[in-house]
Amino acid sequence: MRHCIELDGHDHLIWLSRTADGYILRFDGGDVAISLDNGLLRAGDSQGPVHIAGQGDRLFIHWNGESHELLFKDAVLRHAAGAASGSEDTVRAPMPGAVVGVSSEAGQTVMEGDILLVIESMKLETAIRASRDGVVEAVHVTLSQSFERDAPLVTLAPLGEDA
Amino acid sequence: MMRRIHSRIDPRDAAFLANVEHNRALAAELERRQHAVRTIRPERDLQRLERQGKMTVRARLEQLLDPGTPFLELSTLAAGETPYAEDAPGAGQLVGIGIVSGKEVVIRADDSSVKGGAWYPMSVKKIVRALDIAIENRLPVVHMCDSAGGFLPLQAQFFADRYGAGRIFRNQSTLSKMGVPQVALVLGNCTAGGAYIPALSDYSVIVRGTGAIFLGGPPLVKAATGEDVTVDELGGADMHTSVSGVADYPADNELHGIAITREIVAQWRRQPKAGEPAIDPEPPAYDPAELYGILPADGRVQFDMREVIARIVDGSRFHEYQPGYGTTLICGYARIWGQQVGILANNGVLFSDSALKGAHFIELCDQNRTPLLFLQNITGFMVGREYERRGITKDGAKMIMAVSGASVPKISINCGASFGAGTYGMNGRAFDPRFMFSWPRSQVAVMGAEQAAGVLTTVKIRQMEREGGALTDEQIAAIREPVIAEYQRSSSAWYATSELWDDGVIDPLATRETIAIALSAALNTPIPEPRYGVFRM
């Protein structure tokens, strides 16, 4: 599977192959011989000094008088179904226990990571957090109610097409 | 390239800030205790060392090490909770892994600043452990000897047992047999049993004037035979290096002795490392300092171990194995300073599925020759009729069988709780982790303090009720509180490290570097083929 990079806002599928005398960059536009030597980047017939700066996962590349922004896109994330729509709507109990704190109610808007409930199990308190941004559709348990493992605790309203 | 963990922490959250304050205070307490053990000595003891022309053990260490290289000190706070803590700071021993003449070595040094460096029970345990580390990880050893010998009044606690003082010499012999070299630098007296440390080292250096080796010192000789003899005649540097052959190289002073020792270490061969070679390291994408805000001030509050992993591993990148199954045990691959590790981390109590997942993942790592890292925060296995009927005990047994049988190096960190059978499944001290460290907030015990106090006080309360009728709440509390206090003391990280149940208490922020040094040391030993006992199906 080729790597996906986003270059100046457009996705490209690329692969770097080693050959006897250097590398070939295979991309959607064809193959091009490529080499990097002492800060000098050669790609096909063009060559010139290259400057690269990184910020997080983003690279800023200056080459032959032009600036480019490059982002490596993780293949697993890119191909996951529902990668764009977030995770499941219903938060379930990771272990049997009892509710010791309720900090959400139906209709409330929550951000990913917000605490929805606090449960206690085997003498330990665990915060149940929102798995994504959304609106609480229903809280299925009340304070001091006990529940089994995998019991639904909180359901977030499904994300609409336009959400 | 693996994905980064996506952190859900809000550093402006009130709970986060309260945690920061709590954990900073714990780290400061660790720092205070370490500082006292390392540097604070009575003025008159320091003056005595100076009169004798001796350096402190820390000054000797500094001269021995390659400048600017990392040094991982082990069991700094050993003996800290014993009745003799004042007389044996750090159990009177300095032990660690460092770089001498470009070689990774174990350094073990007597600290003669207090009580002449006498060996107390925990001193012997710390020395034996240092040499066990050398054996398990095939690390050469540099001994810096300066000890008055065993502390006689407590001899029953450190002499005759299997892991008593004799084990030091058995371990030295084992190292030599394995072809792992040792050098002893004699900087003070090596009397009685202590005399065998240089004698059993492959190389030994002795300093003129202060260094001496003998089975019985001058007073003992006088008492036994009436013979009057000076220290130098009886066991000094020149006698041993020119007449008896007990030591190899005479040195004119301590620095000369250290220079000769460094030259000896420089001659030793370097072993190739086991396992997959490390790749270029990458710092975590999330600031490790945020660990202070993540670890709850209240020990009963659970936290997401992914947040911890994200602040320990390279690039915060984590390939999670079975992300949807047995979710109370997180398993997956990551890299620490470029070295691949398989991580098992607790995210709640262990169920059958989490235990099965753990056992399976351990076998995967073993087949792949991937060292294992256990991040413990475990109150135990789930209890209850339904779980027993589904055989939680045999699934726990599978995990324990896998932990015991794995032939790759295993490292454990107690991040919070390590209780009961959870300690076993998560590679507790008894399962021979190559290295085991504790965070200051951690506890280790058969069960939590509240439950244990309940069990311990119920019997007492019943008995008193039989004799004197019903007890008031105040009377029950008066029975209960001291039991809880003592239980909490003896399950604390300070107590665990005092007893050498670990190899040291570390600041959570030092975890990544500590693991990196431990992994590098562990990979000196070739990894045997995987082989396991019978898994109860």
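Residues numbered from 1 in each chain as written. Chains lettered and ligands numbered in written order. Predicted model: local features only at pLDDT ≥ 70, side-chain atom pairs only at ≥ 80, totals over all residues. Heavy atoms only, no water.

**Focus on the overall build of chain B**
Of the regular secondary structure elements, chain B holds 20 helices and 15 strands. In terms of C-alpha radius of gyration, chain B reaches 25 Å, essentially the compact-globule figure of 24 Å for 537 residues. In terms of its C-alpha atoms, chain B occupies a principal-axis envelope of roughly 75 × 70 × 50 Å. Counting all 537 residues of chain B, 55% fall into the buried class. Element-wise, carbon and sulfur atoms account for 55% of the exposed surface of chain B, whose accessible area totals about 23,000 Å². Each charge sign in chain B was given a centre, from 56 positive and 61 negative side chains, and these centres are 6 Å apart. (Helix = DSSP H or I, 4+ residues; strand = E, 2+ residues; numbered from the N terminus. Rg over C-alpha atoms; globule rule 2.2 N^0.38 Å. Buried < 20%, exposed > 50% of the residue type's maximum accessible area, 1.4 Å probe, protein only. Areas by Shrake-Rupley, 256 points an atom, 1.4 Å probe, with all protein chains shown as cover. Lys, Arg positive; Asp, Glu negative; His and termini not counted. Charge placed at Lys NZ, Arg CZ, Asp CG, Glu CD.)

**Some thoughts on the UniProt feature "domain: CoA carboxyltransferase N-terminal" (unreviewed entry) in chain B**
Per the UniProt record, the feature "domain: CoA carboxyltransferase N-terminal" (unreviewed entry) sits at residues 22–280 of chain B. The distance separating the terminal C-alpha atoms of residues 22–280 of chain B is 35 Å; by composition the span is 41% helix and 18% strand. (UniProt positions renumbered as here; feature names shortened; annotations may be inferred.)

**Quick look at the packing of helix α13 (residues 352–367) of chain B against helix α15 (residues 392–405) of chain B**
Residue and element names in this part refer to chain B. Two elements in contact, α13 and α15, have axes whose closest approach is 8 Å; the angle formed by their N-to-C orientations is 20°. By the angle between their directions, the pair α13 and α15 is classed as roughly parallel. Note on packing geometry: the crossing formed by α13 with α15 is left-handed. Residues Ser352, Ala355, Leu356, Ala359, Ile362 and Asp366 of α13 touch α15, and the partners they reach there are Ile392, Asp395, Gly396, Lys398, Met399, Ala402, Val403 and Gly405. Class assignment for the residues of the contact of α13 with α15 results in eight nonpolar, three polar and three charged. (Axes fitted to C-alpha atoms, helices over the stretch in contact; angles between N-to-C directions. Parallel < 35°, antiparallel > 145°, perpendicular 65-115°, else oblique. Left-handed = near helix turned anticlockwise from the far one by under 90°. Contact = heavy atoms within 4.5 Å. Nonpolar A, V, L, I, M, F, W, Y, C, P; charged D, E, K, R; others polar.)

**Overview of helix α17 (residues 449–468) of chain B**
All names here are of chain B. The end-to-end C-alpha distance of α17 is 27 Å, a good match for the 28 Å that 20 residues give at a rise of 1.5 Å each. Of all the bends in α17, the largest measures some 30° and sits at Thr457. Of all the residues in α17, the buried ones are Ala449, Ala452, Ala453, Thr457 and Ile461. (Expected span 1.5 Å × (residues − 1). Bend = angle between axes of the 7 residues up to and from the residue.)

**Considering the pairing of strand β7 (residues 58–63) of chain A**
All names here are of chain A. The sheet contact formed by strand β6 (residues 46–55) and β7 spans six bridges and is antiparallel. What sits directly across from Gly54, in β7, is Leu59. If you look at the hairpin formed by β6 and β7, you'll find two residues sitting between the two strands, and Gly56 has a positive phi there, around 60°. With six bridges joining them, β7 and strand β8 (residues 66–73) adopt antiparallel strand pairing. Counterpart to Leu59 in the pairing with β8 is Leu70. The antiparallel pairing of β7 with β8 creates a hairpin that spans two residues between the two strands, and Asn64 there sits at a positive phi of about 50°. (Pairing = 2+ DSSP bridges.)

**Quick word on the sheet that holds strand β2 (residues 10–19) of chain A**
In a beta sheet, neighbouring strands are held together by backbone hydrogen bonds and run either parallel or antiparallel to one another. The strand order around the closed barrel formed by eight strands is β1-β2-β3-β4-β5-β6-β7-β8 (chain A), and the pairing between neighbours is antiparallel. Between one strand and the next, the sheet's axes are offset by a mean angle of 35°, whatever the strand orientation.

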